[in-house]
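# Examining the three-dimensional arrangement
Below are the chains, spelled out letter by letter.
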Amino acid sequence: MSHQMDKVEIGNSIAVNTIVNDFSITVGTMNGSGSQTSNLTVLRALFKMGIPVSGKNLFPSNIQGLPTWYTIRVSKDGYLARREEHEIVVAMNPDSFQQDLREVTPNGSFYYADHIRADIMRDDISIYPMPVKKIVRDSGAPPKLRDYVANMVYVGVLAQSLGIELEKIYQALEYHFKGKSKPIELNYGVVQAAAAWAEENLEKSDPYKLEPMTATENFIMADGNTAGALGSVYGGVHFVSWYPITPASSLAESLGYFLPLLRKDPVEEGKNTFAVVQAEDELAAIGMAVGAGWSGLRALTSTSGPGISLMAEYAGLAYFAEVPLVLWDVQRAGPSTGLPTRTAQGDLTFTYNLGHGDTQQIIMLPGTVNECFEFGWRAFDIAERLQTPVFVLSDLDLGMNQWMTPPFEYPEEPLDRGKVLWEEDLEKLEGKWARYLDIDGDSVPYRTVPGNRHPKAAYFSRGTGHTNEARYSEDSGVWVELLARLKEKHNTARSLMPESIIQDLDGSEIGVIGYGSTEPAIREARDQLAAKGILIDSLRVRSLPFTRDVREFISRHRVNYIVEMNRDGQLKQLLLIDNPDLSNRIISLAYFDGLPMTARYVREAILAAEEERDE
Amino acid sequence: MNNQTIKTNSRVQVNIAGLSKADYRGNPTTLCQGCGHNSIASQIVAACYELDIVPEDIVKFSGIGCSSKSPTYFLTRSFGFNGLHGRMPSLATGALFADHNLKGIGISGDGDTASIGMGQFKHAVRRNLRLVYIVENNGVYGLTKGQFSATAEAGLTLKSQGTNPYMPVDIAWEALVGHATFVARSFAGDPKQVKALIKAALSHDGIAVLDIISPCVTFNNQDTATHSYAWGKEHEVALHELSYVPPVEEIMVDYELGENVEVTMHDGSLVVLQKLEREYDPTNRAEAIRVLEEANACNCLITGLIYIDTDQKSLDEIYNLPETPLNRLSQERIRPPRETIKTVNDMMF
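Small disclaimer: the values here were computed from a predicted structure and weren't measured.

So, about the overall build of chain A. Tallying secondary structure elements over chain A gives 20 helices and 24 strands in all. The principal-axis extent of the C-alpha atoms belonging to chain A is close to 90 × 65 × 40 Å. The burial tally for chain A puts 56% of its 615 residues in the buried class. Considering only contacts within chain A whose residues lie at least 6 apart along the sequence, 76% involve residues at least 24 apart.

Written out as structure tokens, the structure reads:
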């Protein structure tokens, strides 16, 4: 049957039981229409109501005019992964209208802007046309600004229909507009008008309701890029060089915002203890960071896959010349330009061996926003301790979406500046030292940095073969010794890197191994499978080289499912290289559609694999 | 300048820094005998010695190629980094933020700068990085055995390469249009001028681009090639006789009043440009561009200080950095105090 546009009709198979705080709201808009403000407002208001909530922005690589979606999940049980089911859909964009309509789950509800003229061929859902233009006009918004605030209509309608407290919406707007009363009042006016319209006209026929909880009291909302930037600020970053790229730009931009606030020199007041340079490209960005790291600064550059490709040459030099620096790779879907606004974990093997010849890099894998903060400062300690680049691999979902997370914690460990010799150290050594000589037996030599005025301080760094005294050498023996030491240094790293997060259930023989932003999907899938009687232990890898607990975990499970967001099972490949004797216990469950991992995928993939095994 | 007290043999001549010329030398060169680059390395040694610069106050950078090997042939007591092909400027940019008392000397070649490194070269120029950027320009790739570089003149014929069909890149011109604050051209066969220009460049607070024609005796030294010794000697037209007067010295150069241009450098030193055949004002950018165009037209090697602007801020001056070098800041100065974490958390939603 077909619905007319101008009257509310209600489907005839609506469930009557109320569903509270356990559903998804997906909003389809046109990008560039200001929908981000509305979506974040809903998300933040729900968070302020104490309801566990997550938001995923599924956006195109475009500035204005293409369809974009935002999915908000509320979960009284605290599950924050993306869901594939959309119980509540808001359609504001004519171009995606039919698709949006199709995706509403049976018994779901569909809110749409009533100026969109289209047939509605569903009778299993609740349908709510919203007179968006009329409400905006009636709200008193000035004609010139009406287009920008039109999306606030669904905020107000949802508030009334689902039970979002208006006061919380006001708080969200205050935060969003940094207390500027004009835009706050303008947007809030539309929300109020829309809520009032809904109260009078919307006849609710769906089961979805929101009720306040107290589950977010000890949490903040933040994204991983902001967290990574702040962690770096507390890690004492001196030098940042970067080149704009989605989805990494906001990390460097956050540094540009927070460094002036937090890093004015307490001694020489008003002076900056940092410098940020926007480079001409990624080749220069990493070159600057290598120069800065070499001369004793805590140097950072941030990019995404295409930038990593360009950085390969300097990354190899930094590995070989033993220069500390931190590189954030906020991953997106590749190869090539790929899906620039979609998430992925496809740079793992590439960055691990970034550089030609025998190169092994150090990688940290934050899985939560809080870990982005922690690894933000810890990466510098590891880089300087090991005198090598440290890659921090985040992804678009973790980096750019808002997550509820425990507050950031002040680092309890002092900065570890590693083995650096200054003038007084060299005096004690009577100038006797060699740049690449391993005297501590950990394969990490001592270094000096430019600005050290001791006459024996200087050495010449190079990407060419060199002796322990940093002199040019093409001698085969010297070369073999040098590469062997670098390999051994990589082993030293194993004991410095963050250990895995392991969760064991009694009596489980099955393991699931993942990393990064798939954490919530894996956690939820494990709970769902446990409810079916399938017990699964989990290990979240947090670094490369693997810490020793990884092998131990694999060996005590008859099967280990490797969950990751790329086509080729890159983590699986690396696990096989390290554990060839355990290869029959390692099965890849790779997923690569560019959208954040869901519990359903993990659950169904494990069930299918288990079924196959049973046959 | 941070002077070191060093025991010296009383019979060895030392400069004001208490250092002998040996303290400025590098390892023996491994370049070809007669290579222009060796002559430039010697003039760097001489200039630093005569300026009483402590080698620890200099940091050397280079890219890849014959030219880029040469930083090992001077100032062994200075830190150095032989980086990647065409990527020396970025390396220097990051490194020089560590200690604003350091002065960078970057050595590059025409392949390293005008081909693979054109982008980084021009961006270092536009940022006014505090670097003496020397391009040892010979029109040819030496280390890979004699291919054309981007500064090779159109029509140049090289053994086993044929004839170059493309127009050359003019490094001084590129520097000038990229807003370089110090642009000079010289000739390795004119060591006196090279040394004076290096001294002036070391006193310049910002980027100093020295495009030095430095003949490759092995691959591109035929008399008709514009990067050869013979051609350079034949066609060099110096814009002026250049002398450098350190800040502490009285002006002892013998010249007639009114005949010269004097440029006061940031550190108080003077660059005196004694007039030769013509008037030339190196502070006039339009004139500098005209003179380069004229050099093309007359097929001559114009040398000297082509352009200088001492009023622009160098890169690190823009950044409002403390007196204490960034790489010497204590932990308390680079980690925000504990109480700020609450503020930060409050700033999140």
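Alright, that's what it looks like, and here's the rest.
Bringing the overall build of chain B into the picture now. Regarding its fold elements, chain B presents eleven helices and 15 strands. Taking 2.2 N^0.38 as the reference for a compact globule, 349 residues should give roughly 20 Å; the C-alpha atoms of chain B span a radius of gyration of 21 Å, in line with that estimate. Seen along its three principal axes, the alpha-carbon backbone of chain B occupies a region of about 70 × 55 × 45 Å. Burial analysis of chain B (349 residues in total) assigns 53% to the buried set. Contacts in chain B between residues far apart in sequence, at least 24 positions, make up 69% of those at least 6 positions apart.

Turning our attention to the environment of Ala229 of chain A. Relative to the elements of secondary structure, Ala229 of chain A occurs in helix α8 (residues 224-234). Those residues in contact with Ala229 of chain A that lie beyond four places of it in its chain are Leu251, Ser254, Leu255 and Phe258 of chain A.

Before going further, it helps to spend a moment on the packing of α8 of chain A against helix α13 (residues 369-386) of chain A. A pair of packed helices is characterised by two quantities: the angle between their axes and the separation of those axes. Residue and element names in this part refer to chain A. It is at 6 Å that the axes of α8 and α13 come closest, and there the two elements cross at 30 degrees. The angle between α8 and α13 places the two elements in the roughly parallel class. Along this stretch, α8 crosses α13, giving a crossing that reads as right-handed. Between α8 and α13, the residues in contact are Gly224, Ala227, Gly228, Leu230, Gly231, Ser232 and Tyr234 and Val369, Asn370, Cys372, Phe373, Glu374, Phe375, Gly376 and Trp377, respectively. Residues belonging to the contact of α8 with α13 are distributed by class as follows: eight nonpolar, six polar and one charged.

Let us now look at the interface of chain B and chain A. In this complex, chain B contributes 52 residues to the contact, which on the side of chain A involves 60 residues. Broken down by secondary-structure element, the contributors of at least two residues to the side of chain B that touches chain A are β2 (79-82), α3 (88-95), α5 (118-127), α10 (331-334) and α11 (340-347) of chain B. Tallying contributions element by element places α3 of chain B first for the side of chain B that touches chain A, with six residues. Classifying every residue of the side of chain B that touches chain A gives 23 nonpolar, 19 polar and ten charged. Here strand β18 (residues 460-462) of chain A runs beside β2 of chain B; their pairing, made up of three bridges, is parallel. Bridging from a neighbouring strand, Phe460 of chain A pairs with Gly80 of chain B of β2 of chain B.

It is worth spelling out the confidence of the model for chain A at this point. Confidence in the prediction for chain A averages 95 pLDDT; 97% of positions are at 70 or higher. Confidence over residues 1-15 of chain A falls short of pLDDT 50; this stretch has 29 contacts with residues more than four positions distant or in other chains.

Time to look at the nonpolar core. Here is a general trend for soluble globular proteins: nonpolar side chains tend to be buried in one another's company. With 278 residues, the main nonpolar core has Leu46, Val153 and Ala194 of chain A together with Leu210 of chain B as its most contacted residues. With ten residues, the top contributor of residues to this core is α13 of chain A. Apart from residues lying up to four places away in sequence, Leu210 of chain B is in contact with Val132, Tyr133, Ile134, Val135, Ala184, Ser186, Leu197 and Ala201 of chain B. Leu31, Cys66, Ala152 and Phe219 of chain B belong to the second-largest nonpolar core, a separate cluster that totals twelve residues.

Residue and element names in this part refer to chain A. Strand order in the open sheet formed by five strands is β19-β21-β20-β23-β24, and the pairing between neighbours is mixed. Of all strands in the sheet, those bounded by a partner on one side alone are β19 (501-503) and β24 (586-590). On average, each strand axis in the sheet is inclined to that of its neighbour by 20 degrees, with strand direction left out of account. Of the strand pairs in this sheet, strand β20 (residues 510-514) and strand β21 (residues 536-540) are connected by five bridges, and their pairing is parallel. Bridging from a neighbouring strand, Gly514 pairs with Arg540 of β21. Across the face of the sheet, helix α20 (residues 599-614) comes into contact with β23 (559-564) and β24 while running at roughly 140 degrees to β24.

Quick look at helix α9 (residues 249-262) of chain A now. In this model α9 of chain A runs 20 Å from its N-terminal to its C-terminal C-alpha over 14 residues, within 8% of the 20 Å that 1.5 Å per residue would give. For α9 of chain A, every residue scored as buried is listed here: Ser250, Leu251, Ala252, Ser254, Leu255, Phe258 and Leu259 of chain A.

Turning next to the pairing of strand β10 (residues 208-213) of chain B. Residue and element names in this part refer to chain B. Judged by how many residues are buried, β10 sits mostly within the fold: six of six residues are covered. Burial of the side chains of β10 extends over both faces: Ala208, Leu210 and Ile212 are buried on one face and Val209, Asp211 and Ile213 on the other. For strand β4 (residues 131-137) and β10, the ladder comprises six bridges, and the chain directions are parallel. Following the sheet pairing, Val132 is matched in β10 by Ala208. Where strand β9 (residues 182-187) and β10 come together, five bridges link them in parallel fashion. By the bridge assignment, Arg185 is partnered in β10 with Asp211. As a crossover connection, the stretch from β9 through helix α7 (residues 191-203) into β10 is right-handed.

The next point concerns unusual backbone geometry. All names here are of chain A. In this model, Thr246 is joined to Pro247 through a cis peptide bond whose omega is 5 degrees. Take Pro247: it is sitting in the loop between β10 (239-242) and α9. Along the chain, Leu544 connects to Pro545 via a cis peptide bond; the corresponding omega equals 0 degrees. You can see Pro545 is positioned in the loop between β22 (543-544) and α18 (548-555). Not every positive phi belongs to a glycine, and Ser443 is a case in point at roughly 70 degrees. For Ser443, the location among the structural elements is in the loop between α15 (423-428) and β18.

Quick look at the domain arrangement of chain A now. Residue and element names in this part refer to chain A. The domain boundaries assigned to chain A delineate domain 1 (19-209), domain 2 (222-405) and domain 3 (501-614). When each unit is reduced to the centre of its C-alpha atoms, the spacing between domain 2 and domain 3 is 27 Å. For the side of domain 2 that touches domain 3, the secondary-structure elements that each account for two or more residues are β14 (339-343), α12 (348-352), β15 (362-364), β16 (389-395) and α14 (396-400). Residue classes in the side of domain 2 that touches domain 3 are distributed as eleven nonpolar, six polar and three charged.

What follows deals with the confidence of the model for chain B. For chain B, the average pLDDT comes to 93, and 94% of its residues sit at 70 or higher. Contacts from residues 1-5 of chain B, a stretch scored under 50 in pLDDT, to residues over four places away or in other chains number 13 contacts.

Our next topic: the packing of helix α10 (residues 282-294) of chain A against α3 of chain B. As a packed pair, α10 of chain A and α3 of chain B sit with axes 6 Å apart at the nearest point and diverge in direction by 45 degrees. Classified by the angle their axes make, α10 of chain A and α3 of chain B are oblique. Every pair of crossing elements has a handedness; the one defined by α10 of chain A and α3 of chain B is right-handed. For the pair α10 of chain A and α3 of chain B, contact is made by Ala284, Gly287, Met288, Ala289, Val290, Gly291, Ala292 and Trp294 of chain A and by Ser90, Leu91, Ala92, Thr93, Gly94 and Ala95 of chain B, respectively.

To continue, consider the environment of Thr310 of chain B. All names here are of chain B. Positionally, Thr310 belongs in the loop between β15 (301-308) and α10. Overall, the presence of 16 C-beta atoms within 10 Å leaves Thr310 in the partly exposed class. Separated by 33 residues in the primary sequence, Thr310 and Glu277 place their C-alpha atoms 25 Å from one another.

Residue and element names in this part refer to chain B. Spanning 13 residues, α7 covers 19 Å between terminal C-alpha atoms, matching the ideal 18 Å at 1.5 Å per step. In terms of burial, α7 is largely enclosed, as eleven of its 13 residues are buried. Among the residues of α7, Gln193, Val194, Lys195, Ala196, Leu197, Ile198, Lys199, Ala200, Ala201, Leu202 and Ser203 are the ones counted as buried.

So, how was this worked out
- Residues numbered from 1 in each chain as written.
- Chains lettered and ligands numbered in written order.
- Predicted model: local features only at pLDDT ≥ 70, side-chain atom pairs only at ≥ 80, totals over all residues.
- Helix = DSSP H or I, 4+ residues; strand = E, 2+ residues; numbered from the N terminus.
- Buried ≥ 20, exposed ≤ 12 C-beta atoms within 10 Å, placed from the backbone.
- Contact = placed C-beta atoms within 7 Å.
- Rg over C-alpha atoms; globule rule 2.2 N^0.38 Å.
- Axes fitted to C-alpha atoms, helices over the stretch in contact; angles between N-to-C directions.
- Parallel < 35°, antiparallel > 145°, perpendicular 65-115°, else oblique.
- Left-handed = near helix turned anticlockwise from the far one by under 90°.
- Nonpolar A, V, L, I, M, F, W, Y, C, P; charged D, E, K, R; others polar.
- Pairing = 2+ DSSP bridges.
- pLDDT = per-residue confidence, 0-100.
- Core = buried A, V, L, I, M, F, W, Y, C linked by C-beta atoms within 7 Å.
- Expected span 1.5 Å × (residues − 1).
- Right-handed = clockwise from strand over helix to strand, strands pointing away.
- Domains from an automatic or database assignment.

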